[in-house]
Amino acid sequence: MPPPNVTGSLHMGHAMFVTLEDIMVRYHRMKGRPTLWLPGTDHAGIATQLVVERMLASEGIKRVELGRDEFTNRVWEWKEKYGGTITNQIKRLGASCDWTREHFTLDEQLSRAVIEAFVRLHEKGLIYQGSYMVNWSPNLQTAVSDLEVEYSEEPGTLYYIKYRVAGGSRSDYLTIATTRPETLFGDTAVAVNPEDERYSMYIGRQAIVPMTFGRHVPIISDKYVDKDFGTGVLKISPGHDHNDYLLARKLGLPILNVMNKDGTLNEVAGLYCGLDRFEARKRLWKELEETGLAVKKEPHILRVPRSQRGGEIIEPLVSKQWFVTMEPLADKALKAVERGELTIMPERFEKIYNHWLSNIKDWCISRQLWWGHRIPVWYIEGKDCEEEYIVARRAEEALQKAREKYGQNVEIYQDPDVLDTWFSSALWPFSTLGWPDVSSEDFKHFYPTTVLETGHDILFFWVARMVMMGIEFTGTVPFSNVYLHGLIRDSQGRKMSKTLGNVIDPIDTIKEYGTDALRFTLALGTAGQDLNLSMERLTANKAFTNKLWNAGKFLLQNLPSLTDTSAWETLLTHKFHQEESLLCLPLPECWVVSKLHVLVDTVTTSYDKYFFGDVGREIYDFFWGDFADWYIEASKARLYHSEGQSVASISQAVLLYVFENILKMLHPFMPFVTEELWQALPSRKEALVVSCWPQTSLPRDANSIRRFENLQVLIRAIRNARAEYSVEPSKRISASIVANSEVIQYISKEKEVLALLSRLDLQNVHFTDSLPGDANQSVHLVAGESLEAYLPLADMVDISAEVQRLTKRLSKMQAEYNGLVARLNSPKFVEKAPEEIVRGVQEKAAEAKDKLTLTKNRLAFLKSTVSV
């Protein structure tokens, strides 16, 4: 299970992964495979610290006032009190995990694994410390990874500022366009494109940085500069822009940091020292205007980096951090996919996975927080932190190493930072199984059967990192298959957000529609595709749940009494897995059992291919379209109208057999209603959750399927004719069925079913191979090449009254049609009315014409029967 944040409450993304993983687990468990689903929660360093800091702030307490140890104790207290919320909500969704193995990423065993991983990577030279450009969160006071920065397009301003050329006249200046003027105090160069003739005469000279009391920086040329952006002149602020930082390192430019960790400007900014970055921007622009160095400002759409957790604008900042060298780890992860050891579904995400790993940057793993796994590094009092440090698994080990190197009187202190939460999450699939105490060979034995299911938005955050760490520490990929689901969007396809007010709460949804309906709706999506969640879908699937429940009630009401031993002995003698037994069944029974056996094979194949949307639709269509609408209705002819108990017993056995197998196939999707119905059935020896999956490759009779489908076509034709002539539902009508001898043989055997489902008068249903005598006064229906029906019109309607009714109706319809045609023939209307209005009238006219033709034809037919 992807461990949700301990601070979290269930959202639809959680509901999606819980549903899909539970489907996989329940299916394979029923297939008889040893199955383990590991649950747990993530300590969520930034999110949890934020929650507790806000709670303390409401009490008037600041974190720094408590001190690290006391603050950490408060967080643990909060976790014990509130941390189980999301776990209980996941249980409510029906997650059939092994809850006795629930883990928390700060558990003792998992914490040992995290420390061990850090030490081993450091020993291999893959972890290093250095001052580099990072994404800094001023409010959170910590670095965050590239993947935890979200970019949004927001309205902003482009400021145009004069940079005078040193030694030149007042007309010698360069105009620079920037969105962040406050960073000019950190400028170390001004750059132009070498091919830009407008500025070629200034290359190699010096520019004066505004408001810095005459500080000079070189004017340089580099192809990195876009001639078409702004004025084509770029200020280089290596301490506050990722691209400028890379350019400065390439060209050997100095790096100036003008900002404190809290987002205020530092002493490098001179008189602006202590001002918040945004306040400094306003004040600086005002003073640039006063000194004549402000050219203009104009609206500009900015791509703003914001913290995924805190929401504030991220500041690019050079800071001392710990990093993991990723390239050698990424190479192994790339080869795992290349060699087929790892399959990513849908396949198109392989390209994204490969692209990211092929262009991977080193991973900043240190965070300036108090809640999390403390970095296992100790420094020597009085020594340079970057040069003199000790990596150890425990403080005692670190002290021993320090004494061996520096003498007995040495004093050490631990690095105050913690590890990125994703570092521990990357170890999740094997640390939860006992690494580093479990050998690599054990993992190789276990892993080939594993699946990782998660949202495609954390393919890089989590999936790729787990693959890299798994190969590094266990010698093999931690899962053989990765199944990625999409986002849950609202009914209009918009991403759910509090701002839009379109967030759908899973718990509220469960209260209104039920857990099974929610799960079934979420599971009908396609792998990797976003799912638009609408109330209409939920309503439809709630109706499906109710239909299933009512089918169960019907079955229970029509099975023999448990005290009727003889009836149950007879019922249980029917075996449907043998071909000879199947072929002895009456047509409706042979049809539905054959269709079931086809369905079991189809559904099992779809389950094995992870085509869960197909599974849901296939079961839905069979249950509702075949079993409920057709076979249950046909069975009533055996249960309520048959004189032979043996026929009723066969129907009862088929009902029970088919319904049991429907419950089994549907159970992974809808565990609650299926389990309830299963345990209500007689003689249940075990729960549905641990029952055996239906057997595949069972016999089916294609001939019976074809024959019953012919019967269905005939019944539908008769039903449509009744509706067309508005025959009262309770009225039974006569019918003559015309067919060849083969068709008559099997259709006539199901005369009771035909009469019941078509509402025919059983005593006046006739089978013949020639036209009936009243054919000219009957409605003629063609159900197939050799299957027709004639329904005497006099049985269905009062012909004279119907002629009068249709004549009046025809007159009204003709008037409506003439009115539409007149509008369309009017040049004034066609030329002046909006195009969509004209198109609407055209469509109405075409529809009215079709109805007019049908009514005329019916009226002519009725008049002809009167004359006959």
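Placed above this text is the structure.
Below is a summary of the structure that appears in this document. None of the values given here were measured: they were computed from a predicted structure.

## Looking at the environment of Ala833
No. 1: The topology assignment puts Ala833 in the loop between α30 (827-832) and α31 (835-867).
No. 2: Relative accessible area serves as the criterion here: at 19%, Ala833 is assigned to the buried category.
No. 3: Here the alpha-carbon distance between Ala833 and Trp371, two residues 462 residues apart in the chain, equals 67 Å.
No. 4: If near-sequence neighbours (up to four positions away) are discounted, Ala833 is found in contact with Lys828 and Val838.

## Notes on the packing of aromatic side chains
Aromatic ring pairs are defined here through the distance separating the ring centres and the angle between the ring planes.
No. 1: On inspection of all chains with the given rule, the structure shows 39 aromatic pairs.
No. 2: Ring plane angle 75 degrees and centroid distance 6.5 Å describe the contact between Tyr379 and Tyr389, whose orientation is recorded as edge-to-face. Here Tyr379, found in strand β16 (residues 377-380), pairs with Tyr389, found in strand β17 (residues 389-391); they are ten residues apart in sequence, far enough to count as distant.
No. 3: Taking relative accessible area as the criterion, Tyr379 reaches 3% and is therefore assigned buried.
No. 4: With relative accessibility at 23%, the residue Tyr389 sits in the partly exposed group.
No. 5: Sitting over the ring of Trp136, Lys261 keeps its end group 4.8 Å from the ring centre.
No. 6: Sitting above the plane of the Tyr379 ring, Lys320 keeps its charged end 5.8 Å from the centroid.

## Details of the pairing of strand β24 (residues 733-739)
No. 1: Where burial is concerned, most of β24 is hidden: seven out of the seven residues are buried.
No. 2: Taking every second residue as pointing to the same face, both faces of β24 are buried, with Ile733, Ala735, Ile737 and Ala739 on one and Ser734, Ser736 and Val738 on the other.
No. 3: In this structure, β24 lies alongside strand β27 (residues 787-792), joined through four bridges in antiparallel fashion. Residue pairing across strands places Ala739 opposite Leu787, the latter belonging to β27.

## Let's talk about the packing of helix α17 (residues 515-523) against helix α24 (residues 671-680)
No. 1: α24 packs onto α17 with a crossing angle of 125 degrees between their chain directions and a minimal axis gap of 7 Å. Comparing their axes, α24 and α17 come out oblique. Residue-level inspection shows Thr515, Asp516 and Arg519 of α17 in contact with α24, the latter providing Pro671, Phe672 and Val673.

## A closer look at the nonpolar core
No. 1: Counting 142 residues, the largest nonpolar core has Phe627, Val658, Phe669 and Leu754 as its most contacted members.
No. 2: The biggest single contributor to this core is helix α22 (residues 612-639), with 13 residues.
No. 3: Excluding its chain neighbours within four sequence positions, the residues that come into contact with Phe627 are Val592, Phe622, Ile632, Leu655, Val658, Phe659 and Ile662.
No. 4: The next biggest cluster of nonpolar side chains, apart from the first, holds 59 residues, and it includes Ala336, Ile365, Trp422 and Met466.

## Some details on the packing of helix α6 (residues 108-123) against helix α15 (residues 459-474)
A pair of packed helices is characterised by two quantities: the angle between their axes and the separation of those axes.
No. 1: The N-to-C vectors of α6 and α15 enclose an angle of 75 degrees; their axes lie 12 Å apart at closest approach. Of the possible angle classes, the one that applies to α6 and α15 is roughly perpendicular. On α15, the residues that touch Ala117, Arg120 and Leu121 of α6 are Met469, Glu472 and Phe473.
No. 2: Per-class residue counts for the contact of α6 with α15 are four nonpolar, no polar and two charged.

## Quick notes on the pattern of salt bridges
No. 1: In the structure shown here, the tally under the stated rule is 39 salt bridges.
No. 2: Taking the shortest distance from any N to any O, the salt bridge between Glu148 and Arg367 comes out at 3.5 Å. With Glu148 in the loop between β4 (142-144) and β5 (149-165) and Arg367 in strand β15 (residues 366-367), this residue pair connects regions lying 219 residues apart in the sequence.
No. 3: By relative accessible area, which is 6% here, Glu148 ends up buried.
No. 4: You can call Arg367 buried: its relative accessible area is 2%.

## Considering empty space enclosed by the protein
No. 1: Overall, the coordinates contain two cavities of 30 Å³ or more when judged by the stated rule.
No. 2: As a volume, the largest cavity reaches approximately 50 Å³.
No. 3: Together, Met16, Leu20, Tyr483, His485, Gly486, Leu522, Ala523, Gly525, Thr526 and Gln529 line the largest cavity.
No. 4: Elements that contribute at least two residues to the lining of the largest cavity include exactly α1 (12-30), β21 (481-485) and α17.
No. 5: Among the residues making up the lining of the largest cavity, the classes are represented as five nonpolar, five polar and no charged.
No. 6: Considered as a void within the structure, the second largest cavity measures approximately 30 Å³ in volume.
No. 7: Listed by contribution, the elements that provide at least two residues to the lining of the second largest cavity are α1 and α21 (587-608).

## A word on the pairing of strand β20 (residues 451-455)
No. 1: Here β20 lies mainly inside the structure; four of its five residues are buried.
No. 2: Pairing of β20 with β21, which is carried by five bridges, proceeds in the parallel orientation. The residue bridging Glu453 from the neighbouring strand is Tyr483, located in β21.
No. 3: Crossover connection from β20 via α15 to parallel β21: handedness right-handed.

## Describing the sheet that holds β27
No. 1: Within the open sheet, the four strands sit side by side as β25-β24-β27-β26. Their pairing is mixed. Edge positions in the sheet fall to β25 (760-768) and β26 (778-784), since each has one partner strand and no second. Going across the sheet, the axis of each strand differs from the next one's by a mean of 20 degrees, ignoring polarity.
No. 2: Bridging between β26 and β27 involves six bridges; their strand directions are antiparallel. Bridge assignment links His780 to a residue of β27, and that residue is Tyr790.
No. 3: Contacts between helix α26 (residues 741-748) and the sheet are confined to β24, β25 and β27, with β25 contributing the most and set at about 160 degrees to the helix.
No. 4: Contacts from helix α27 (residues 751-758) reach β24 and β25 within the one sheet, and its direction differs from that of β25 by about 125 degrees.

## A look at unusual backbone geometry
No. 1: The linkage connecting Met345 with the following residue, Pro346, adopts the cis geometry, with an omega of -5 degrees.
No. 2: Structurally, Pro346 can be placed in the loop between β13 (343-345) and α10 (349-358).
No. 3: At Phe213, a position not held by glycine, the phi torsion is positive, near 60 degrees.
No. 4: Among the secondary structure elements, Phe213 is positioned in the loop between β8 (206-208) and β9 (216-221).

## Topic: the environment of Arg393
No. 1: Mapped onto the fold, Arg393 is located in the loop between β17 and α11 (395-406).
No. 2: Accessibility expressed as a relative area gives 28% for Arg393, which makes it partly exposed.
No. 3: For the pair Arg393 and Glu116, spaced 277 residues apart in sequence, the C-alpha separation works out to 6.7 Å.
No. 4: Contact partners of Arg393, with chain neighbours within four places excluded, come to Ile115, Glu116, Val119 and Glu123.
No. 5: Among the polar contacts made by the side chain of Arg393, one reaches the side chain of Glu116 at a distance of 2.7 Å.

What counts and what doesn't
- Residues numbered from 1 in each chain as written.
- Predicted model: local features only at pLDDT ≥ 70, side-chain atom pairs only at ≥ 80, totals over all residues.
- Heavy atoms only, no water.
- Helix = DSSP H or I, 4+ residues; strand = E, 2+ residues; numbered from the N terminus.
- Buried < 20%, exposed > 50% of the residue type's maximum accessible area, 1.4 Å probe, protein only.
- Contact = heavy atoms within 4.5 Å.
- Phe/Tyr/Trp six-rings, centres within 6.5 Å; stacked < 30°, edge-to-face > 60°.
- Lys NZ or Arg CZ within 6 Å of the ring centre and 35° of its normal.
- Pairing = 2+ DSSP bridges.
- Axes fitted to C-alpha atoms, helices over the stretch in contact; angles between N-to-C directions.
- Parallel < 35°, antiparallel > 145°, perpendicular 65-115°, else oblique.
- Core = buried A, V, L, I, M, F, W, Y, C linked by side-chain atoms within 4.5 Å.
- Nonpolar A, V, L, I, M, F, W, Y, C, P; charged D, E, K, R; others polar.
- Salt bridge = Lys/Arg side-chain N within 4 Å of Asp/Glu carboxyl O.
- 1 Å grid on protein atoms, 1.4 Å probe; cavity = no way out; pocket = protein on both sides within 12 Å on 5 of 7 lines; lining within 4 Å.
- Points joined across faces, edges and corners; volume = space filled by probe spheres on them.
- Right-handed = clockwise from strand over helix to strand, strands pointing away.
- Polar contact = N/O pair within 3.5 Å; in protein donor to acceptor, adjacent residues only side chain to side chain.

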